[in-house]
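Residues per chain, in single letters:
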Amino acid sequence: MTTSDPTGLHRVLDEPKAGSLPLPQAARGLDTRAALWPDEVRIRVERLNLDAASFRQLESAHDGDGDAVRSEVLEIVADRGKMQNPVTGSGGMLVGVVEEVGPESPLGLAVGDRVATLVSLTLTPLVIEDGLAGWAGDSEQVPCQGYAILFGRSIAAVLPDDLAPELALSVMDVCGAPALTRRVVAEKYAGGVVAVIGGGGKSGSLSLAAAREAGAGHLVGIVPTTTEAERLREAGLADEVVVADARNPVALRDAVAKAGGPADVTVVCVDVPGCEGGAILATADRGTVIFFSMATSFSAAALGAEGLAADVTMIVGNGYVPGHAAYALDLLRANPGVRTLFERRTVFEKAVFEKEGVR
């Protein structure tokens, strides 16, 4: 294409089918040339944050061999021009410094801004220039030297000055979950029961805090281990904390019922497959299930609800709600329990940042 499109269509390398091109996320390959179209922005990449489901799949596929994980990530990016796990279909996000801004860019960014992208790596043209030499293949946060391209309809947020970069990145990685949870609870389920599967994790803890702020009457946090349960209780984010395997539908249903359910809203924030049936069973008739996991099989969810004669609304959390990044960061600032859980989970990432001299 000789002109740019704000969706990034001009970067798609696939051959047209039925006279049209797929959008960048659905495309097999993207054009990664560094030269910008007028409405684009180029980012000098410092770090990738791989989607949890993607990293779990890569780690499992290679039996924890970090070198093999690193090699596959490099192969994916080199082959596709973007980071899109071919098994999970998911990618992640990145942090970096604005290197060049096209004269027609609507994003409001300036050269030198340190930003986190709030669009998926699955649609972001990406070039890795250092072979990921600083990454052992053992964590979701990946030190990286290279560049990425943002389109006219991309989203990026300038990193705040009052939070450590690894902490801000962790929050922005999941900022869509609390914003949508707040909207759903406030619009229809104020005073109701909200259950969060994976309540001790990043998106889960923020979703519990958001549900409380939106007026939920009773909060249930579901976690897989007693250690996580103790930490979530200490954080004070849920009225009831239960340990249950979200992949066991009947056990999950019974655990939520015993803790005050069924839930009017069930939020799925875990990165393992097979949780669809349990989430549906744990939800009351005319309730809502919000899926915030890229490990979710949406066909399994739809067919499962039909097979269980479950009258529930199911929402795919798409990761974007206007103002989601600022809202998630404000939740972290205002809620000591959320902040404690995040800081515990970012101890490793912080050590890596400091070792690399990235602040």
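Refer to the structure presented above.
Being a predicted model, the structure only gives us computed values, none of them experimental. (Residues numbered from 1 in each chain as written. Predicted model: local features only at pLDDT ≥ 70, side-chain atom pairs only at ≥ 80, totals over all residues. Heavy atoms only, no water.)

### Quick look at the pairing of strand 2 (residues 92-101)
Here is step 1 of the chain: With nine bridges joining them, strand 1 (residues 41-50) and strand 2 adopt antiparallel strand pairing. Bridge pairing in strand 2 places Arg42 opposite Glu100.
Here is step 2 of the chain: Alignment of strand 2 against strand 3 (residues 114-117), held across three bridges, turns out to be antiparallel. When the sheet's bridge partners are listed, Val97 is paired in strand 3 with Arg114. (Pairing = 2+ DSSP bridges. Helix = DSSP H or I, 4+ residues; strand = E, 2+ residues; numbered from the N terminus.)

### Observations concerning the packing of helix 5 (residues 202-213) against helix 10 (residues 324-334)
Here is step 1 of the chain: It is the contact of helix 5 with helix 10, at a shortest axis distance of 10 Å, that shows an interaxial angle of 90°. For the element pair helix 5 / helix 10, the angle class is roughly perpendicular. Here helix 5 contributes Leu206, Ala209, Ala210 and Glu213 to the contact with helix 10, which in turn contributes Tyr327, Ala328, Leu331 and Leu332.
Here is step 2 of the chain: A breakdown of the residues in the contact of helix 5 with helix 10 according to their chemical character gives seven nonpolar, no polar and one charged. (Axes fitted to C-alpha atoms, helices over the stretch in contact; angles between N-to-C directions. Parallel < 35°, antiparallel > 145°, perpendicular 65-115°, else oblique. Contact = heavy atoms within 4.5 Å. Nonpolar A, V, L, I, M, F, W, Y, C, P; charged D, E, K, R; others polar.)

### Thoughts on the pairing of strand 12 (residues 313-316)
Here is step 1 of the chain: As paired strands, strand 11 (residues 283-291) and strand 12 are joined by four bridges and run parallel to one another. Note on strand 12: the bridge partner recorded for Ile290 is Ile315.
Here is step 2 of the chain: For the handedness criterion, the β-α-β arrangement of strand 11, helix 9 (residues 298-307) and strand 12 is classed as right-handed. (Right-handed = clockwise from strand over helix to strand, strands pointing away.)

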